[in-house]
Amino acid sequence: MKFQHLLDPDPPRPTDETRHAVVSRAGRLRRQRKFARAVSAIACSLAVVLTLVLLLQPSSSPSRLFKLGPPYRISVTLSAKTFPLSTYPDAPIYPPPVLVGASDDWSGCPALLGVVASVRPQAQLVARLLDQLGRDKLSALKASDPSYWPIILEGNWARFQDVSPGRLLIMSAAQSGYVSLLGRCSPATVRDTWVAKTCPGPSLKPASETCSRDPALAGQVFLIDRHGHWLVDFTYP
Amino acid sequence: MEQIRPDFETEFPELHRRAYDTAFVILGQRTEAEDLALEALARTYLRWDKVADYATPFALRVVTNLAIDSLRREKLARRILPRPESAEENPDRVDLQRALFELPRRQRRVVVLRYVCDLPESEVAAALGCSVGTVKSHASRGLATLRRLLTPVRETEKEFR
């Protein structure tokens with residue numbers, strides 16, 4: 001041995017007791033391994049069962065946030081000019097908008113029915129809502145307040161797709177600097193509306209920096225909370 | 001109580017001696033070395049049917065791994081609770097322990113089995129489940145690293161030449 005000088009000068013001699021200690025340890029190890037194998041087999045079986053259960057579950061239901069309870073049908077198909085209130089579905093989440101003024105220009109404000117002065121929405125939630133808004137017409141209708149529907153039905157609605165939560169700045173409408181876009185809507189509407197700014201990206205720089213550097217590239221999404229459902233009621237541009 | 005298998009019984013004294021020596025060279029603590037030797041032999045006994053043909057290399061590989069693990073735990077513990085100043089350590093052993101930590105895992109195993117346990121290359125290869133060529137290359141690289149790390153030049157290094 002190359003490390004002879006590091007050896008124990010008086011090593012212990014193996015006795016019968018040592019032998020039996022080895023065999024007894026081996027027995028204990030064997031029992032431990034059997035137990036571990038049994039636990040592992042049970043865990044694997046449970047994992048398989050759980051996976052099957054999850055796979056076989058119907059996956060058609062959307063996330064809870066957007067679940068409407070009964071399957072409300074949204075079947076408005078008219079243009080902005082002819083958008084009679086009678087065509088709106090009878091759903092508490094989608095009350096007909098408040099029409100302000102009567103002209104060819106759409107000037108609907110979200111009805112305050114069921115709107116709550118909610119806390120600031122989380123960026124992840126807004127990102128999901130924007131994703132839904134950008135999918136297709138029906139998804140966009142479900143994700144928005146009826147005051148925004150005429151714009152969707154004309155096909156001109158804004159699609160903020162693949163916006164990551166990190167690129168969003170969320171503030172109250174009054175803080176956003178775009179409060180004037182709510183036009184003739186009531187002060188209560190302004191108070192209960194949140195604005196999510198979509199800042200240019202992807203970038204390593206923080207959203208606030210890219211938004212202030214390129215304000216023209218930022219989008220504004222106006223949101224209200226009705227009965228716990230966040231809805232887009234206006235977008236700019 | 002389970003009866004000890006006769007073939008294991010025959011090899012037991014030599015296996016025990018070598019396992020204990022290896023653990024002691026690495027750790028330098030009698031109680032710990034004895035405990036690890038017992039544990040390694042118990043694991044060898046458990047797999048006796050498979051490893052009977054190369055029981056010594058197998059047991060030494062197990063005891064090496066256990067000793068390195070123990071050393072690692074001790075090193076971690078020392079960060080939290082420093083060793084008392086009164087404790088004496090052989091400086092060669094301290095160097096060896098430090099050097100073993102510096103080596104990559106594979107090289108460390110080869111170096112310990114080849115130069116601490118003094119196993120021939122063929123047995124190291126059998127213990128690690130690799131070719132003799134691999135053992136040679138790991139041993140050569142590991143040795144070069146050890147030479148660099150075990151400074152100043154000590155008697156142990158001369159023996160490598």
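Calculation rules
Residues numbered from 1 in each chain as written. Chains lettered and ligands numbered in written order. Predicted model: local features only at pLDDT ≥ 70, side-chain atom pairs only at ≥ 80, totals over all residues. Heavy atoms only, no water. Buried < 20%, exposed > 50% of the residue type's maximum accessible area, 1.4 Å probe, protein only. Helix = DSSP H or I, 4+ residues; strand = E, 2+ residues; numbered from the N terminus. Pairing = 2+ DSSP bridges. Contact = heavy atoms within 4.5 Å. Buried area = accessible area lost by both parts, 1.4 Å probe. Salt bridge = Lys/Arg side-chain N within 4 Å of Asp/Glu carboxyl O. Nonpolar A, V, L, I, M, F, W, Y, C, P; charged D, E, K, R; others polar. Axes fitted to C-alpha atoms, helices over the stretch in contact; angles between N-to-C directions. Lys, Arg positive; Asp, Glu negative; His and termini not counted. Polar contact = N/O pair within 3.5 Å; in protein donor to acceptor, adjacent residues only side chain to side chain. Parallel < 35°, antiparallel > 145°, perpendicular 65-115°, else oblique. Left-handed = near helix turned anticlockwise from the far one by under 90°. Expected span 1.5 Å × (residues − 1). Arc of directions from axis to C-beta.

Draft legend 1. Focus on the pairing of strand β5 (residues 219-226) of chain A. All names here are of chain A. Counting buried residues along β5, 8 of its 8 residues qualify, which places the element largely inside the surrounding structure. Side-chain alternation along β5 places Gly 219, Val 221, Leu 223 and Asp 225 on one buried face and Gln 220, Phe 222, Ile 224 and Arg 226 on a second face that is also buried. By the bridge criterion, 5 bridges tie strand β4 (residues 194-198) to β5 in an arrangement that is antiparallel. Its bridge partner being in β5, Val 195 is matched across the sheet by Phe 222. Across 7 bridges, the pairing between β5 and strand β6 (residues 229-236) is antiparallel. Within β6, the residue paired with Gln 220 across the bridge is Tyr 236.

Draft legend 2. Inspection of the interface of chain B and chain A at higher detail. Taken residue by residue, the interface counts 34 residues in chain B and 23 residues in chain A. Where chain B abuts chain A, roughly 3,100 Å² becomes buried across the two surfaces, and 66% of that area is made up of carbon and sulfur atoms. Inspection of the region where chain B meets chain A yields 4 salt bridges. When residues of the side of chain B that touches chain A are traced back to their parent elements, those giving at least two are α1 (6-27), α2 (30-46), α5 (91-102), α6 (105-116) and α9 (155-160) of chain B. Looking at which element gives the most residues to the side of chain B that touches chain A, the answer is α2(B), with 10 residues. Across the side of chain B that touches chain A, the residue classes break down as 18 nonpolar, 3 polar and 13 charged.

Draft legend 3. Looking closely at the sheet that holds β5(A). All names here are of chain A. One open sheet holds the 4 strands; their spatial order is β3-β4-β5-β6, and the pairing between them is antiparallel. A single partner strand is all that each edge strand has here, and the edge strands are β3 (168-172) and β6. With direction set aside, neighbouring strand axes in the sheet form an average angle of 30 degrees.

Draft legend 4. Structural view of unusual backbone geometry. Backbone geometry at His227(A) places phi at a positive 50 degrees, although glycine is not the residue there. Within the secondary structure layout, His227(A) lies in the loop between β5 and β6. Overall, His227(A) belongs to the partly exposed group, its relative accessible area being 47%. The phi dihedral of Asp118(B) falls on the positive side, at around 65 degrees, and the residue is not glycine. For Asp118(B), the location among the structural elements is in the loop between α6 and α7 (121-128).

Draft legend 5. Representation of the pattern of salt bridges in the model. The final tally for this structure, using the stated rule, is 13 salt bridges over all chains. For Glu39(B), the salt bridge goes to Arg25(A), with nearest N and O atoms at 2.9 Å. Of the two residues, Glu39(B) sits in helix α2 while Arg25(A) sits in helix α1 (residues 16-56), which places them in two different chains.

Draft legend 6. Layout of the side chain of Arg109(B). Residue and element names in this part refer to chain B. Note on placement: Arg 109 falls in helix α6. Notably, Arg 109 is buried but unbridged: the nearest opposite-charge side chain belongs to Asp 69, and the N-O separation is 8.2 Å. Within polar-contact distance, the side chain of Arg 109 engages the side chain of Asn 65 at 3.4 Å. Leave out the neighbours within four places in its chain, and Arg 109 touches Asn 65 and Leu 128.

Draft legend 7. Representation of the packing of α1(B) against α2(B). Residue and element names in this part refer to chain B. Two elements in contact, α1 and α2, have axes whose closest approach is 8 Å; the angle formed by their N-to-C orientations is 140 degrees. The angle between the axes of α1 and α2 places the two elements in the oblique class. Once α1 is placed against α2, the crossing between them reads as right-handed. On α2, the residues that touch Phe 8, Phe 12, Leu 15, His 16, Ala 19, Tyr 20, Ala 23, Phe 24 and Leu 27 of α1 are Arg 30, Glu 32, Ala 33, Glu 34, Leu 36, Ala 37, Leu 38, Leu 41 and Tyr 45. Each residue belonging to the contact of α1 with α2 can be placed in one class, and the counts come to 14 nonpolar, 1 polar and 3 charged.

Draft legend 8. The arrangement of helix α8 (residues 132-149) of chain B in detail. All names here are of chain B. Compared with an ideal rise of 1.5 Å per residue, which puts 18 residues at 26 Å, α8 spans 25 Å between its outermost C-alpha atoms and is within 8% of the ideal. Those residues of α8 not exposed but buried are Val 135, His 138, Ala 139, Gly 142, Leu 143, Thr 145, Leu 146 and Leu 149. The arc enclosing the buried residues of α8, seen along the axis, measures out at 165 degrees, which places them on a common side. For α8, exposure combined with an orientation more than 90 degrees from the buried face picks out Arg 141 and Arg 148.

Structural measurements only, silent on function.
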